[in-house]
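Each chain is listed here by its residues.
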Amino acid sequence: MRPFEYEEPRSIEEAVSLLGAPGKNRLLAGGTDLLVRLKRREWPVDRVINLKRIETLRGIEERGDWVTVGALTTIEELERSEVVAKRWPLLREAAMEMASPQVRAMATAGGNLCNASPAADLAPPLLCLDAQMIAVGPRGERTIAIRSFFAGPGRTALAPDEILTGIRIPSAPARGCFIKFCTRRAMDLAVVSVACAVVSKETRLALGAVAPTPIRVAASAEEAAMRCAPIDDVRATAEYRRELVRVLAGRALAKAAS
Amino acid sequence: MKRRLNMTVNGHAVALEVAPHRTLLEVLREDLGLTGVREGCSTGDCGACTVLLNGKAVVSCLTLAPDAEGASVTTIEGLAKDGKLDAMQEAFIAKGAIQCGFCTPGMILAAKSADVLEGNLCRCTGYAKIQEAIRHAGSRGGSPHA
Ligand SMILES: Cc1cc2nc3c(=O)[nH]c(=O)nc-3n(C[C@H](O)[C@H](O)[C@H](O)COP(=O)(O)OP(=O)(O)OC[C@H]3O[C@@H](n4cnc5c(N)ncnc54)[C@H](O)[C@@H]3O)c2cc1C
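Every value quoted in this text rests on a predicted model; they were computed, and no experiment measured them. (Residues numbered from 1 in each chain as written. Chains lettered and ligands numbered in written order. Predicted model: local features only at pLDDT ≥ 70, side-chain atom pairs only at ≥ 80, totals over all residues. Heavy atoms only, no water.)

1. Some words on the overall build of chain B
Step number 1: When helices and strands are counted, chain B shows four helices and five strands.
Step number 2: What you see for chain B is a C-alpha radius of gyration of 15 Å, in line with the 15 Å of a compact globule of 146 residues.
Step number 3: Along the first, second and third principal axes, the C-alpha atoms of chain B reach 45 × 35 × 25 Å.
Step number 4: Scored against the burial criterion, the 146 residues of chain B give a buried share of 52%.
Step number 5: Roughly 6400 Å² of accessible area belongs to chain B as shown, and the carbon and sulfur atoms make up 49% of that amount.
Step number 6: For chain B, the distance from the average position of its 15 positive side-chain charges to the average position of its 15 negative side-chain charges is 4 Å. (Helix = DSSP H or I, 4+ residues; strand = E, 2+ residues; numbered from the N terminus. Rg over C-alpha atoms; globule rule 2.2 N^0.38 Å. Buried < 20%, exposed > 50% of the residue type's maximum accessible area, 1.4 Å probe, protein only. Areas by Shrake-Rupley, 256 points an atom, 1.4 Å probe, with all protein chains shown as cover. Lys, Arg positive; Asp, Glu negative; His and termini not counted. Charge placed at Lys NZ, Arg CZ, Asp CG, Glu CD.)

2. Concerning the sheet that holds strand β3 (residues 47–50) of chain A
All names here are of chain A.
Step number 1: As summarised here, the arrangement of the three strands in space is β1-β3-β2, forming an open sheet in which the pairing is parallel. The sheet is open, and its two edges are formed by β1 (5–7) and β2 (25–28), each paired on a single side. Ignoring strand direction, the axes of neighbouring strands in this sheet form an average angle of 25 degrees.
Step number 2: By the bridge criterion, four bridges tie β2 to β3 in an arrangement that is parallel. Bridge pairing links Asn-25 to Arg-47 in β3. (Pairing = 2+ DSSP bridges. Axes fitted to C-alpha atoms, helices over the stretch in contact; angles between N-to-C directions.)

3. Structural notes on the interface of chain B and chain A
Step number 1: With 30 residues of chain B at the contact, the number on the chain A side is 30 residues.
Step number 2: Both faces considered, chain B and chain A share a buried interface measuring about 2400 Å² in area, 60% of it formed by carbon and sulfur atoms.
Step number 3: Considering only the side of chain B, the residues that lose the most area to chain A are B:His21, B:Leu62 and B:Glu118, jointly responsible for 26% of the buried surface there.
Step number 4: Where chain B meets chain A, there are four salt bridges.
Step number 5: For B:Arg3, the salt bridge is made with A:Glu8, and the minimal N-O distance between the two is 3.7 Å.
Step number 6: Of all the elements, strand β4 (residues 56–59) of chain B adds the most residues to the side of chain B that touches chain A, at four residues. (Contact = heavy atoms within 4.5 Å. Buried area = accessible area lost by both parts, 1.4 Å probe. Salt bridge = Lys/Arg side-chain N within 4 Å of Asp/Glu carboxyl O.)

4. A closer look at the nonpolar core
Soluble globular proteins: nonpolar side chains tend toward being buried together.
Step number 1: Counting residues in each nonpolar core, the largest one holds 44 residues, and the members touching the most others are A:Leu113, A:Leu122, A:Leu126, A:Ile167 and A:Ile169.
Step number 2: Contacts of A:Ile167, omitting those with residues within four sequence positions, involve A:Val67, A:Thr68, A:Val69, A:Ala109, A:Gly110, A:Leu113, A:Leu126, A:Ala131, A:Gln132 and A:Met133.
Step number 3: A:Val45, A:Met106, B:Leu5 and B:Leu62 belong to the second-largest nonpolar core, a separate cluster that totals 35 residues. (Core = buried A, V, L, I, M, F, W, Y, C linked by side-chain atoms within 4.5 Å.)

5. Re helix α1 (residues 24–31) of chain B
Residues and elements named next belong to chain B.
Step number 1: Taken together, the buried positions of α1 are Leu-24, Leu-25, Val-27 and Leu-28.
Step number 2: For α1, the secondary structure elements touched by its buried residues are β1 (3–9), β2 (12–18), β3 (50–53) and β5 (72–74).
Step number 3: After α1 finishes, the residue Gly-33 shows a positive phi value of roughly 70 degrees.

6. Re the pattern of salt bridges
Residues and elements named next belong to chain A.
Step number 1: Applying the stated rule across the entire model yields 28 salt bridges over all chains.
Step number 2: The closest approach of N and O atoms between Arg-235 and Asp-188, which form a salt bridge, is 3.5 Å. Taken as a pair, Arg-235 in the loop between α9 (221–227) and α10 (238–257) and Asp-188 in the loop between β11 (175–181) and β12 (192–199) lie far apart in primary sequence, 47 residues in all.
Step number 3: On the basis of relative accessibility, which here comes to 30%, the residue Arg-235 falls in the partly exposed class.
Step number 4: Residue classification places Asp-188 among the buried residues on the basis of a relative accessible area of 13%.

Structure, rendered in structure tokens:
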């Protein structure tokens, strides 16, 4: 990696002011996406701002009608959380199927969403659960519905000086599942992923890796296959992906209904 | 600008000055001479650089060195006690779970920390023997899906 300046803010306010300072600033959470980019020299960077010393960004908290997942919550913590396990099997399955134990111990929920890969595994379940993203910037806090959070590959609705502090999920439990189709059994990004949730009789469906962003679609396999906009890449052709959407969405809907 | 880095490595307190853009892998190998930490892919995929950070297996190639401030780090060099190998190391030898040996330190450290071995590649493809060794060592599960 090229040399950079390095900061360890202790509070969200301090992190926001560092992020807004002149120069190319990058936030570091688990580093499992960021360090790969910096090593490949894909991203110029003057200063890395490590969020990990900010304790208020950690943990999963139930309060009233919401469960708040702190941005620094690791994938391993999600996978092991009882709050998650008893309410949202689809979110737990997505966490369990990500990467490897080593990467799950490091990678964070906030990093997965802010990295905004079309294949980000936490996105389809959270789209089904109508999660809200909590952002803090110099002008204070705001919430962004997850359906308007992803703006394109690697792009989100966050302003350049905003930090994601947490993800709020309506606390209602949901039946459902997450299906990730890969070319190998572990350590692979999805060729296609499908999440399905039944939240108080309403069936919801979301897809990953088949459009510039993860997407919510109508709860029908035919419509999902029509709505998606896959591309050809090293993992699969667009045509194959569309066919997979039809099959996997059908399976996920059948499983959620049973 | 260099930063102070205090950590405990294999039970010994170390204090270093490191540039913040260096990885934990680089500091362990280059500054502390712990070459049992292997650099394979350097992008988190192969697991050869696995170390235990506060008891948990992580990939040191994607860990920024300053992130280890205050942490306890265990590398393969830290497993033997009083000249005696650890039970997992003994099991790997007993079951012939070592071919070229490049992936072995990462395999052993990952097997001690996690109940699945998804994050370690063996390019000699000696997975069957590795599974056998882990079972022999009495660890739970340990089936490499790779
Ligand atoms: C070997 C390997 C396998 C992987 N497998 C998978 C997989 O199966 N599925 C999958 O979805 N991903 C996978 N990934 C990608 C990655 O691990 C995840 O996306 C992870 O959740 C990223 O989180 P992080 O904390 O490491 O992010 P970081 O790398 O720290 O950050 C990622 C990006 O988000 C920004 N960011 C981080 N936190 C915040 C915040 N709070 N506010 C604003 N911006 C922020 C950073 O500036 C950076 O641009 C894999 C990565 C590796 C190396």
